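# Survey of secondary and tertiary structure
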Amino acid sequence: MKFIIAIIQPHRLDQVREALLAIGINGLTVTEVRGYGRQKGQKEIYRGAEYSISFVPKLKIEIATADNRATEVIDAIQAAARSGKVGDGKIFVLDLEQAIRVRTGEANEDAL
Amino acid sequence: MDSGDTAWILVSTALVLLMTLPALAFFYAGLVQAKNVLSVLVQCVAVACLASVLWLICGYSLAFSGTGPWLGDFSALFLNNLTRGAIHPGTHIPETLFVMFQMTFAIITPALIIGAYVERIRYAAVLLISGLWLLFIYVPVTHWIWGGGWLARLGTMDYAGGLVVHLTAGISALVIAWRLGRREGFPRINPPHAPWMVMVGASMLWVGWFGFNAGSALSAGGDAAMAMLVTHLSAATATLVWMGIEWTSFGKPSLVGAVTGTIAGLATITPASGYVGPIGGVILGACGSVVCYYAVHFVKRGLKTDDALDVLGVHGVGGTLGTLLLPFLVSLGAGGTTLARPVWDQFIVQIEATLAVGLWSAIGTLVIVFVTAKLVGLRVSRDDEIQGLDYASHGETGYHINV
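The structure reproduced in this document is the subject of the present report.

Cut-offs and rules
- Residues numbered from 1 in each chain as written.
- Chains lettered and ligands numbered in written order.
- Predicted model: local features only at pLDDT ≥ 70, side-chain atom pairs only at ≥ 80, totals over all residues.
- Helix = DSSP H or I, 4+ residues; strand = E, 2+ residues; numbered from the N terminus.
- Rg over C-alpha atoms; globule rule 2.2 N^0.38 Å.
- Buried ≥ 20, exposed ≤ 12 C-beta atoms within 10 Å, placed from the backbone.
- Contact = placed C-beta atoms within 7 Å.
- Nonpolar A, V, L, I, M, F, W, Y, C, P; charged D, E, K, R; others polar.
- Core = buried A, V, L, I, M, F, W, Y, C linked by C-beta atoms within 7 Å.
- Pairing = 2+ DSSP bridges.
- Axes fitted to C-alpha atoms, helices over the stretch in contact; angles between N-to-C directions.
- Parallel < 35°, antiparallel > 145°, perpendicular 65-115°, else oblique.
- Left-handed = near helix turned anticlockwise from the far one by under 90°.

### As for the overall build of chain B
Within chain B, the regular secondary structure consists of 14 helices and zero strands. Counting from the amino terminus, chain B carries its helices and strands in the arrangement α-α-α-α-α-α-α-α-α-α-α-α-α-α. Expected size for 403 residues packed as a compact globule is a radius of gyration near 22 Å; at 20 Å, chain B falls within 12% of this value. Its C-alpha atoms give chain B principal-axis dimensions of about 55 × 50 × 40 Å.

Given below as structure tokens:
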């Protein structure tokens, strides 16, 4: 199993969710996060004074999936989240050791 | 007694109190970091209550009793001679109402200064500075200009407090900010935590200002109505102008900028609100916005003083500008008034009054800050400042989200 973490632009969430639903991914977790990459924060101006916001708001999406579906999921996220500008985000893929459904105790791919 | 006049000033009094609680409190609280939101709100509440009690004890008496050129007398101590039926001289409203109306001015003026010292001051210092400041700065200046003192005899024109309220607060704000030192990290501080709250506060100030300026007519008639009209026009014009400056300078007009323009326009029209007509109001609003915009920059970048929420740049400069421009604008267009002396003579009087009030505010505040520093200390510790005054000074937290 793979654990996929995607950091995306907040306004792309709906497109990403729809793209994942379309390929049959039925569960994901979203967290509001802040960070910076090449985008290096943003500038805001209040009463003429410039404030640099070092950490910009992003969304973190987490998905657990079977090994054979990982590429499909990554492609779907990348296609849906991409605008072509700096700040579109990143996708990280980790090996996932175990998954357990709390309600039934089912394990691993049966639990996804 | 005139029931129409009385009714309007009753309403005005409530509107002016609303300017402090909660309008100014919101305006300031939205501009600070989330960790200091409650400290600003409680400072506004405390200053309002403290000023009220001091006004009863001796503030009103020293400002409005007696005929001395420098200070009133003690004849109205604890309002001891106040009766239900007494009419305030020269008006058709009860003395009780005049006491109360003026009390709301005595509340908002020290509250305005809060904007200079937020996010780093000791709470005890807030109370001590505000109390001493009310008695030693606000009360004498009020007597000089509105209580028949020497500046009134000189012919100073200050309808609703360009000097009495805004210049005193603005200059004192700068002095306190200078003595207190800059906030940790200045000028790289976090931006305003809740711009929406700034807008709510500014809008309520705008409405409250109708009581402030139109209420200063002390009657319900043409003077009050014209004061309301010019006040509104000045605020609207100033808002548009500030937005325009930001739009051309930075490419985007901001909400915080727009409503800062509103307040600049309101402060600028204040001393002139009972004298000018609609065109005068528009001109004052436009000038106030431009001059305050650059004044804010000058204090932050030029003086490098952390007058955190721009009390001098917006209030002090706006109120002074209106005071100095009004001789030239009173007779402009329809609806204005006429001066008692030639324009330039009046202008000289306005300059003299501005210098006298400015100097008194600066020197007096310097002494008050010195005394306060000795007695209770000015600043919280660096750790407390970084933690935020909400928890460090008051044991509370403004926002409990998802917990």
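### What to know about the overall build of chain A
A tally of helices and strands in chain A yields two helices and six strands. In sequence order, chain A lays out its α and β elements as β-α-β-β-β-β-α-β. Relative to the globule expectation of 13 Å for 112 residues, the C-alpha radius of gyration of chain A, 17 Å, shows a markedly less compact shape. If one aligns the C-alpha atoms of chain A with their principal axes, the spans along those axes are about 60 × 25 × 20 Å. Counting the 112 residues in chain A, one finds 18% classified as buried.

### Focus on the interface of chain A and chain B
The partner chain B presents 13 residues to the seven residues of chain A that form the contact. A total of three residues in the side of chain A that touches chain B trace back to one element, the largest contributor, which is strand β3 (residues 42–46) of chain A. Class assignment of the residues belonging to the side of chain A that touches chain B gives a composition of four nonpolar, one polar and two charged.

### Comments concerning the nonpolar core
Judged by nonpolar contacts, the single largest core of 137 residues is most densely connected at Leu 24, Tyr 28, Val 40, Cys 44, Ile 114, Ile 176 and Leu 205 of chain B. What Tyr 28 of chain B contacts, discounting residues up to four positions off in sequence, is Val 40, Ile 114, Gly 115, Val 118 and Leu 309 of chain B. With 13 residues, the next largest nonpolar core counts Ala 6, Ala 64, Ala 76 and Ile 77 of chain A among its residues.

### Some details on the sheet that holds strand β6 (residues 89–95) of chain A
Residue and element names in this part refer to chain A. Across the sheet, four strands lie side by side as β2-β5-β1-β6; this open sheet has antiparallel pairing. A single partner strand is all that each edge strand has here, and the edge strands are β2 (29–35) and β6. Along the sheet, successive strands turn relative to each other by an average axial angle of 20°, direction set aside. Where β2 and strand β5 (residues 56–65) come together, seven bridges link them in antiparallel fashion. When the bridges of β5 are listed, Val 33 appears paired with Lys 58. Where helix α2 (residues 70–81) meets the sheet, its contacts fall on β1 (2–8), β5 and β6, and the angle it forms with β1 comes to roughly 5°.

### Structural notes on the packing of helix α1 (residues 3–31) of chain B against helix α2 (residues 37–64) of chain B
Residues and elements named next belong to chain B. In the contact formed by α1 and α2, the axes pass within 9 Å of each other and the chain directions differ by 150°. In terms of orientation, α1 lies roughly antiparallel with respect to α2. Of the two possible hands of crossing, α1 and α2 adopt the one that is right-handed. Note on element contacts: α2 touches α1 through Val 37, Val 40, Leu 41, Cys 44, Val 45 and Ala 48, opposite Thr 20, Leu 21, Leu 24, Ala 25, Tyr 28 and Ala 29.

### Some details on the pairing of β5 of chain A
Bridge count between β1 of chain A and β5 of chain A: seven bridges; the pairing is antiparallel. Of the residues in β5 of chain A, the one forming a bridge with Ile 4 of chain A is Ile 63 of chain A.

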